[in-house]
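# An overview of the molecular structure
Residue-level listing of the chains:
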Amino acid sequence: MITSDDQWKTFVFMGYGLRSDRNLARCPATARALREIPGLRTAFYSILEPGKRIPLHTGPYNGVLRLHLGLVVPEPAERCWIEVGGERYHWKEGEAVVFDDLYPHQVHNDTDGTRAVLFIDFERPCRAPIRWLNRLVLMAAPFTDEIRRGKANHDAWERNYYRNKTGSD
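Residues numbered from 1 in each chain as written. Predicted model: local features only at pLDDT ≥ 70, side-chain atom pairs only at ≥ 80, totals over all residues. Heavy atoms only, no water.

### Points about the overall build of the protein chain
Summing up its helical and strand segments, the protein chain has 4 helices and 10 strands in all. Each helix (α) and strand (β) of the protein chain, taken in turn from the N terminus, gives the series β-β-α-α-β-β-β-β-β-β-β-β-α-α. Against the globule reference of 15 Å for 169 residues, the protein chain gives a C-alpha radius of gyration of 16 Å, in line with a compact fold. If one aligns the C-alpha atoms of the protein chain with their principal axes, the spans along those axes are about 45 × 45 × 30 Å. Within the protein chain, residue pairs in contact and separated by at least 24 positions form 76% of the contacts whose partners lie at least 6 positions apart. Within the structure as shown, the protein chain displays about 9,900 Å² of accessible surface, and the carbon and sulfur contribution to it stands at 54%. (Helix = DSSP H or I, 4+ residues; strand = E, 2+ residues; numbered from the N terminus. Rg over C-alpha atoms; globule rule 2.2 N^0.38 Å. Contact = heavy atoms within 4.5 Å. Areas by Shrake-Rupley, 256 points an atom, 1.4 Å probe, with all protein chains shown as cover.)

### Quick word on helix α2 (residues 28-35)
When α2 is considered as a whole, its buried residues turn out to be Thr30, Ala31 and Leu34. Projected down its long axis, α2 carries its buried residues within an arc of 100°, all on one side. Packing partners of the buried residues in α2 comprise β1 (8-15), α1 (21-26), β3 (40-48) and β10 (115-123). (Buried < 20%, exposed > 50% of the residue type's maximum accessible area, 1.4 Å probe, protein only. Arc of directions from axis to C-beta.)

### Side note on the sheet that holds β10
With antiparallel pairing, 6 strands are arranged side by side in an open sheet as β2-β1-β3-β10-β5-β8. Each edge of the open sheet is held by one strand with a lone partner, namely β2 (18-19) and β8 (96-99). The pairing of strand β5 (residues 64-72) with β10 spans 8 bridges and is antiparallel. Bridge pairing in β10 links His68 to Phe119. (Pairing = 2+ DSSP bridges.)

### Section: the pattern of salt bridges
Enumeration over the complete set of coordinates arrives at 10 salt bridges. A salt bridge links Glu123 to Arg41; the nearest nitrogen and oxygen atoms lie 2.6 Å apart. Residue Glu123 is found in strand β10, and its partner Arg41 is found in strand β3; the two are separated by 82 residues along the sequence. Here Glu123 matches Arg41 in class, with each residue buried. (Salt bridge = Lys/Arg side-chain N within 4 Å of Asp/Glu carboxyl O.)

### Topic: the packing of aromatic side chains
Considering all chains together, one arrives at 4 aromatic pairs under this definition. With a centroid separation of 5.6 Å and 80° between ring planes, the pair formed by Phe11 and Phe13 is classed as edge-to-face. On the accessibility criterion, Phe13 (0% relative accessible area) is buried. Arranged with centres 4.1 Å apart and planes meeting at 20°, the rings of Phe44 and Phe119 form a pair that is stacked. Of the two residues, Phe44 is situated in strand β3 and Phe119 in strand β10; the sequence distance between them amounts to 75 residues. A single burial state applies to Phe44 and to Phe119, both of which are buried. Through pairs of rings, three or more aromatic residues link up here, namely Phe11, Phe13 and Tyr45. Over the ring of Trp81 we find Arg88; its NZ or CZ atom is 3.6 Å from the centre of that ring. The ring of Trp91 has Arg115 sitting right over it, with the charged end atom 4.6 Å from the ring centre. (Phe/Tyr/Trp six-rings, centres within 6.5 Å; stacked < 30°, edge-to-face > 60°. Lys NZ or Arg CZ within 6 Å of the ring centre and 35° of its normal.)

### Considerations on the sheet that holds strand β7 (residues 87-90)
What the 4 strands build is an open sheet, ordered β4-β9-β6-β7; its pairing is antiparallel. Of all strands in the sheet, those with a lone pairing partner are β4 (53-57) and β7, marking the two edges. Each adjacent strand pair in this sheet contributes to an overall mean axis angle of 15°, direction not counted. Relative to strand β9 (residues 105-109), strand β6 (residues 80-84) is paired through 5 bridges, and the arrangement is antiparallel. (Axes fitted to C-alpha atoms, helices over the stretch in contact; angles between N-to-C directions.)

Here it is in structure tokens:
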């Protein structure tokens, strides 16, 4: 767990091959765009509430690269940032940044507004035979305890969310 409060919210489309068909159906333009990304592994909207800080952390595996597409970036932009390997980046609406999440990184939203990005992990480009080994590891990820627990938690959240929206499961 990177953070334990409710100031970082996600709206998950896919996590290491495990899909949320209901969420994809609610966002058809995003779903169409995601279908065009080769090697897509994870995709969700990442929403940071005002004042939220995600502490310094690293990703679990270097077989993917991460992309953040700025959707809603509050002002002043210099107070809403991600720092990767000691280099700071300020999101811009409609622009993407790609980084290796194996480097230590942290996120701050020190503004009064909400920040939203489209968060995507995709396969790191590698040459054979490393590419084949990487794909094998990524294919096994959905069977790990961490991903299975995350999927179960998301499924429970989704059942509750859509029950409240539609009156049925």
